[in-house]
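# Examining the three-dimensional arrangement
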Amino acid sequence: MPINTELIQNIASLNTLPIDVLTKISKHATLISIKAGTTLFDCGSSCEILPLVISGSIRVFKRSENSREISLYRVNKDELCIITLSCLLGGDTYPATGITDTEISAITIPRALFLELISTQPEFRDIVFHLFAERLSGLMQLVDEITFKKLDQRLAAFLAQHGPIIEESHQEIADELGSVREIISRLLKQFEENNWVKLSRKRIEITNTEALNNLSYNYR
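Below you will find a few notes about this structure. Since we're looking at a predicted model, the values are computed, not measured.

### Section: the overall build of the protein
- What the protein contains, in helices and strands, is 9 helices and 10 strands.
- In terms of overall dimensions, the protein has a C-alpha envelope of 60 × 30 × 30 Å along the principal axes.
- For the protein, the proportion of its 220 residues judged to be buried stands at 39%.
- The contacts of the protein with a sequence gap of at least 6 include a subset with a gap of at least 24, amounting to 68%.

Have a look at this one:
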């Protein structure tokens, strides 16, 4: 549906642009609402729009040939998807998958307008590249964790960060960490035997955050 200029002004990556540019965006952008669990893009699909999230969250992940997944990052309000930016700038297809975690509302900017804004609006270009650098730094941290940290430490860090109550299945946690359900379940059982967590169906209660943090940080 068409959108108004006031709505665009509430988006952090656009609100510094001149009013005439905001008006132009309002004529070409589209407001969308998408249900949770919807695939927004997949490996090999073309990249034609930039979504600017107003509410909700998008999970971006990579899936292997044997269907194992690992979460790369999430796109929340006032954040940009680094993979989408890369594909828009390079004219490439998507190398990953994006699915809505929750119902989302977003404004979509077509690729032609995005490239025009990058070329002609220094404020927009600075915001885009700043967010690009932030997200790239986060991806490099993920690579370091996968390469140099053991899975039990990564799981401990995940639990400590998302506690004290985590309402996710063992499979969902495995997808987050790029592992398989059986290994995650076995590690969680060990944590429970250590009295660090209490397990129930799709629910994990953290009972010793300090111990989880110690396991996460004390690797050499």
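### Focus: the environment of glutamine 171
- Note on placement: glutamine 171 falls in helix H7 (residues 170-177).
- Separated by 10 residues in the primary sequence, glutamine 171 and arginine 181 have C-alpha atoms spaced 4.8 Å apart.

### Looking at the pairing of strand E5 (residues 69-75)
- Most of E5 sits out of view: 5 of its 7 residues are buried.
- The pairing of strand E4 (residues 58-63) with E5 spans 6 bridges and is classified as antiparallel. Bridging across to E5, isoleucine 58 finds its partner in valine 75.
- Hairpin connection between E4 and E5: a loop of 5 residues separates the two successive antiparallel strands, and serine 67 in this loop has a positive phi of roughly 75 degrees.

So, how was this worked out
Residues numbered from 1 in each chain as written. Predicted model: local features only at pLDDT ≥ 70, side-chain atom pairs only at ≥ 80, totals over all residues. Heavy atoms only, no water. Helix = DSSP H or I, 4+ residues; strand = E, 2+ residues; numbered from the N terminus. Buried < 20%, exposed > 50% of the residue type's maximum accessible area, 1.4 Å probe, protein only. Contact = heavy atoms within 4.5 Å. Pairing = 2+ DSSP bridges.

Shape is all these values report; function is a separate question.
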